[in-house]
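Next come the chains, spelled out residue by residue.
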Amino acid sequence: MSPKHQTCVVAAAIVDRLDRPARLLAARRTAPPALAGQWELPGGKTEPGEAPADALLRELREELGVRVRLGAQITGPLDGHWPLASALTLRLWWAEIVDGEPMPLQDHDQIRWLEAGRWLDVAWIPADRTAVSEMVRRAGGP
Ligand code: C5P
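Residues numbered from 1 in each chain as written. Predicted model: local features only at pLDDT ≥ 70, side-chain atom pairs only at ≥ 80, totals over all residues. Heavy atoms only, no water.

### Observations concerning the site of the ligand
Around the ligand, the neighbouring residues are V9, A11, R29, L35, E40, L41, G43, G44, K45, L84, I125 and D128. R29 places a polar side-chain atom, nitrogen or oxygen, 3.0 Å from an oxygen atom of the ligand. Taking L41, its main chain carries an N or O atom lying 2.7 Å from a nitrogen atom of the ligand. About the coverage of the ligand: the protein hides 80% of its 450 Å² of free accessible area. Take the shell around the ligand: its biggest share by element is 3 residues, from strand β4 (residues 43–45). Residue classes in the shell around the ligand are distributed as 6 nonpolar, 2 polar and 4 charged. (Near = heavy atom within 4 Å. Polar contact = N/O pair within 3.5 Å; in protein donor to acceptor, adjacent residues only side chain to side chain. Areas by Shrake-Rupley, 256 points an atom, 1.4 Å probe, with all protein chains shown as cover. Helix = DSSP H or I, 4+ residues; strand = E, 2+ residues; numbered from the N terminus. Nonpolar A, V, L, I, M, F, W, Y, C, P; charged D, E, K, R; others polar.)

### Quick notes on the packing of aromatic side chains
Applying the stated criterion across every chain yields a total of 1 aromatic pair. On the numbers, 6.4 Å between centres and 55° between planes, the contact of W94 with W119 is tilted. Separated by 25 residues along the polypeptide, W94 in strand β7 (residues 89–99) and W119 in the loop between β8 (108–114) and α2 (126–138) bring together distant segments of the chain. (Phe/Tyr/Trp six-rings, centres within 6.5 Å; stacked < 30°, edge-to-face > 60°.)

### Thoughts on the environment of A34
Here A34 is to be found in the loop between β2 (24–29) and β3 (39–40). For the pair A34 and I125, spaced 91 residues apart in sequence, the C-alpha separation works out to 10.0 Å.

### Digging into the nonpolar core
If you look at the biggest cluster of nonpolar residues, it comprises 20 residues, and the most contacted ones within it are L24, L41, L92, W119, W124, V132 and M135. Breaking this core down by element, the ones donating at least two residues are β1 (9–15), β2, β7 and α2. Excluding residues that lie within four positions of it along the chain, L24 makes contacts with A13, I14, V15, L41, R112, W113, L114, W119, W124, V132 and M135. Counting residues in hydrophobic clusters, the runner-up holds 13 residues, among them C8, V10, L56 and V68. (Core = buried A, V, L, I, M, F, W, Y, C linked by side-chain atoms within 4.5 Å. Buried < 20%, exposed > 50% of the residue type's maximum accessible area, 1.4 Å probe, protein only. Contact = heavy atoms within 4.5 Å.)

### Structural notes on the environment of A36
Within the fold, A36 resides in the loop between β2 and β3. Counting along the chain gives 23 residues from A36 to A13, while the straight-line C-alpha distance between them is 20 Å. Setting aside residues up to four positions removed in sequence, A36 forms contacts with R29, T30 and A31.

### Side note on helix α1 (residues 52–64)
End to end, α1 covers 18 Å across 13 residues, agreeing with the expected 18 Å (1.5 Å per residue, within 8%). Buried within α1 we find A55, L56, R58, E59, L60, E63 and L64. Summarising the contacts, the buried residues of α1 are in contact with β1, β2, β4, β5 (67–74), β7 and β8. Of the residues trailing α1, G65 is marked for its positive phi of about 70°. (Expected span 1.5 Å × (residues − 1).)

All we've got here are geometric facts, nothing functional implied.
In structure tokens form, the structure reads like this:
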């Protein structure tokens, strides 16, 4: 399979403003049972032939009803990706909403804006907790 057609998981750290992030958006999953009730950075899987950034824009439109501008990628330790429990890896971008009010339309039953200094206050999926902890560390801590 060419890399172009490989499934990857993409997600966004949606913040109130890209140039000086204070609030971070967390979304609570409803499925699968093992992850239901845990919080994630919203996103999902790429479809065959879909570029990762396009997949992310689509997922955020479908799941939250928002259009976003993507900022820089938040690089993880695996070739820039973050490890997941499965064989897949996660690619993460900063993002800022440019249109719409986020609502849990699909896959989530709640969303929450986490204030500065409280980005670790929800029960994140372990992979997301690792990434958010590192984001906080790189920013100099809460
Ligand atoms: O959202 P979706 O079910 O398509 O995501 C595929 C898998 O990627 C999930 O089962 C979950 O384990 C993982 N994931 C994650 N963190 C995210 C998004 C997805 O760990 N922010």
